[in-house]
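Observations on chain architecture
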Amino acid sequence: MKSVPVFLALFLVVFLSFFCLSCGDDDDDDSSPDSAGGDDDDDDDNDNDDDNNDDNDNDDNDDDDDNDDDDSFGHLIPGPSEEGYDADLEALARMYDRQFHAINAYSAAMNADVVVPVDNVEDRELVRAFLQDSDGWDFETYSGSAVFDVVTDFQSSVGLYGGVGIAADAYRYGVLRDQDYPEDELDLAREHLVAALETMHLATAITGVPGVIARAVQRMDVPMNPCEPVPLFDPYGNPLPEVKDNGTCRADNSDGLYPDWQWTDSCSRDMYIGWMAAFGAAWEVIKDDDSIDEEIKDRLQEDALRIGLELKVVRPSGYDLEIIDADGRTTYHGYMNENNYDRLYLPFIPIKNGMYSLMALGSVAALAYVTDDPELQSYLYDTLIGDRKLDLIARHNQIGIDLWIQTNYSSVNMAFMGAILAARYIEDEAALDNVRYATEKRLYDKPGWLRQPAEQGQSLYDFITASAVAGSTAWDSMSQLPDPEAMANGINTLKEFPTPPFWERELINCDEDEIQSGHCTLEDGTEVTLLGYVGRGDKLVSREPIPMRTRPPSNYFWRTNPYEPNGGGNGSRLIPGADFRYAYWLGRWSQ
């Protein structure tokens, strides 16, 4: 834990107070999240976090359905029987689902970037033909080549992307089940979900410590680049490494249950919030589904309870809401307490951390929903909402997230993820009103502010805001029509995603002459004004957001700067599309 010099504390008081005034709210609360700096992977807008650096009830049969089909507003994204259904968009989603399960998730049943070298022309053509010229789910049956022969590197399955991938699988299964899709498609979707839930359980069991979840997991008996594992403790019982870092490679710690897997510790809050999304979404869909084994449900609840109870523990810092690791220490970026500011505790500052408050509410709400545990329910409603008023802190500020051209879009993603979990899994109406206000007015479209998510073409943010404000929860359907502009923007962005296979090619929209002139014509003909190399990390940014159809590739667009015109890689990585899948199936499920 960092010490806080007096002069720094005084500076923070003045700095945060200034921004609190500028947000137009007369409350004293504030936030100063990871976007302020540091070496967190939360700051990595390129999203390459595969390394260490960085109710099923959609029917009308009972009185307490979570998502009743008789709601007059339908689903956020219409299905085949609803007005406005877009068959082409679902076809694109199907291609992403097929790429995801047939190739990216083939080794671990969970999201992973994979590599097919650009020189392996024939293999890459097999991938393209499988996705574009067929409609099946078995790559080897179609191509005659084994996936393990075509893919040369399966990278780590990391919490954020793995978690939202599981959430997408859950929502997809729920939609297919409740909207009368063919039985064979439903059976396959169930298999995908059950396999993913097995890997999520592995991510907790492999740590060897109940209530601890890995930052990332990776199979070693497939093509991959292994890391050198470090023991949790030295011979004298001291935790290793001596100075806690943002992810250390570990060997199986489960007493031999997973000898062919390795894991990365130090699950930071940006990865943790993805796991929370998976827990909540899976439980929404499977809790009353008789076709899912009760053992799977019980295990999901048990894992969620152990993780949730760890958040209640007051750590040596004197505070709760810290993410604990298998070595007994708080993970490097595992702080979500409202008094914390990027690993600094400043309880004497009257301005509290709104983003951490929203993430804590969402995480605890999801776990309390899954477990229905009285202790977690009391912690959420009596302590965090009743006594500490985290919902009000979140309502009054999300300061430090929006830093104009210096915005850290990982922080934006974390805040919106906290918002959707809180909006779906909190039952207290007053607290829900505060969460919805925070989502719409503090995160999505702050009046009088520039460069707002409402303009950025970030579908997930559009759908989260539209569903939250319209009143969609795990228990209740929307009480009003979702914002048509937000929905149109979000759907149009999804339509502009690349057609799979989605390779991480280099995309240079703006050449040196255009950069010097400050004016650039993008690959699709759109004209933008360049501000120069003034973005976070000295990145080139534009005044206008880059349309998705010509945006440089990312393995998770929702935490990548939408104003960067140039970027990408050498084309060897096959990007899983977890961002598309989560946004689309969240929209198809929500009503």
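Residues numbered from 1 in each chain as written. Predicted model: local features only at pLDDT ≥ 70, side-chain atom pairs only at ≥ 80, totals over all residues. Heavy atoms only, no water.

Turning next to the state of the cysteines. Disulfides are covalent bonds that link the sulfur atoms of two cysteine residues. Under the criterion given, the structure shown has 2 disulfides. Covalent S-S linkage joins cysteine 227 and cysteine 249, the inter-sulfur distance amounting to 1.9 Å. On the sign convention where negative means left-handed, the S-S torsion of about 65° between cysteine 227 and cysteine 249 marks this disulfide as right-handed. Separated by 22 residues along the polypeptide, cysteine 227 in the loop between strand 4 (216-219) and strand 5 (249-251) and cysteine 249 in strand 5 bring together distant segments of the chain. When its relative accessible area of 3% is taken as the criterion, cysteine 249 is described as buried. Paired through a disulfide, cysteine 510 and cysteine 520 show a sulfur-sulfur distance of 2.1 Å. As the torsion about the S-S bond is roughly -100°, the cysteine 510-cysteine 520 disulfide counts as left-handed. (Disulfide = S-S within 2.5 Å. Helix = DSSP H or I, 4+ residues; strand = E, 2+ residues; numbered from the N terminus. Buried < 20%, exposed > 50% of the residue type's maximum accessible area, 1.4 Å probe, protein only.)

The next subject is the sheet that holds strand 2 (residues 153-154). The 3 strands lie next to each other as 2-1-16, forming an open sheet whose pairing is antiparallel. Across the chains shown, the open sheet's two edge strands, defined by having one partner strand only, are strand 2 and strand 16 (573-574). Bridge count between strand 1 (residues 114-115) and strand 2: 2 bridges; the pairing is antiparallel. Following the sheet pairing, valine 115 is matched in strand 2 by aspartate 153. (Pairing = 2+ DSSP bridges.)

With that settled, consider the pattern of salt bridges. With the rule as written, the count across this model stands at 38 salt bridges. In this structure, the salt-bridge partner of aspartate 524 is arginine 549, at a minimum N-O distance of 2.4 Å. Highlighted residues: aspartate 524 in the loop between strand 12 (519-521) and strand 13 (527-532) and arginine 549 in the loop between strand 14 (541-542) and strand 15 (566-567), separated in sequence by 25 residues. Bridged by salt links that share partners, the residues Arg94, Asp97, Asp135, Asp169, Arg172, Glu185 and Arg581 form one connected network. (Salt bridge = Lys/Arg side-chain N within 4 Å of Asp/Glu carboxyl O.)

Within the structure shown, the criterion is met by 19 aromatic pairs. A ring pair is formed by phenylalanine 497 and phenylalanine 557, whose centres lie 5.4 Å apart and whose planes are at 85°; its orientation type is edge-to-face. With phenylalanine 497 in the loop between helix 16 (484-495) and strand 11 (507-508) and phenylalanine 557 in the loop between strand 14 and strand 15, this pair connects stretches of sequence that are 60 residues apart. The same class applies to phenylalanine 497 and to phenylalanine 557, which are both buried. Note on tyrosine 584 and tryptophan 585: the rings are 4.9 Å apart at their centroids and 80° apart in plane angle, and the pair reads as edge-to-face. Its guanidinium or amino end placed over the ring of tyrosine 332, arginine 343 lies 4.0 Å from that ring's centre, counting from NZ or CZ. Seen from the ring of tyrosine 437, arginine 395 lies directly overhead, with NZ or CZ sitting 4.0 Å from the centre. (Phe/Tyr/Trp six-rings, centres within 6.5 Å; stacked < 30°, edge-to-face > 60°. Lys NZ or Arg CZ within 6 Å of the ring centre and 35° of its normal.)

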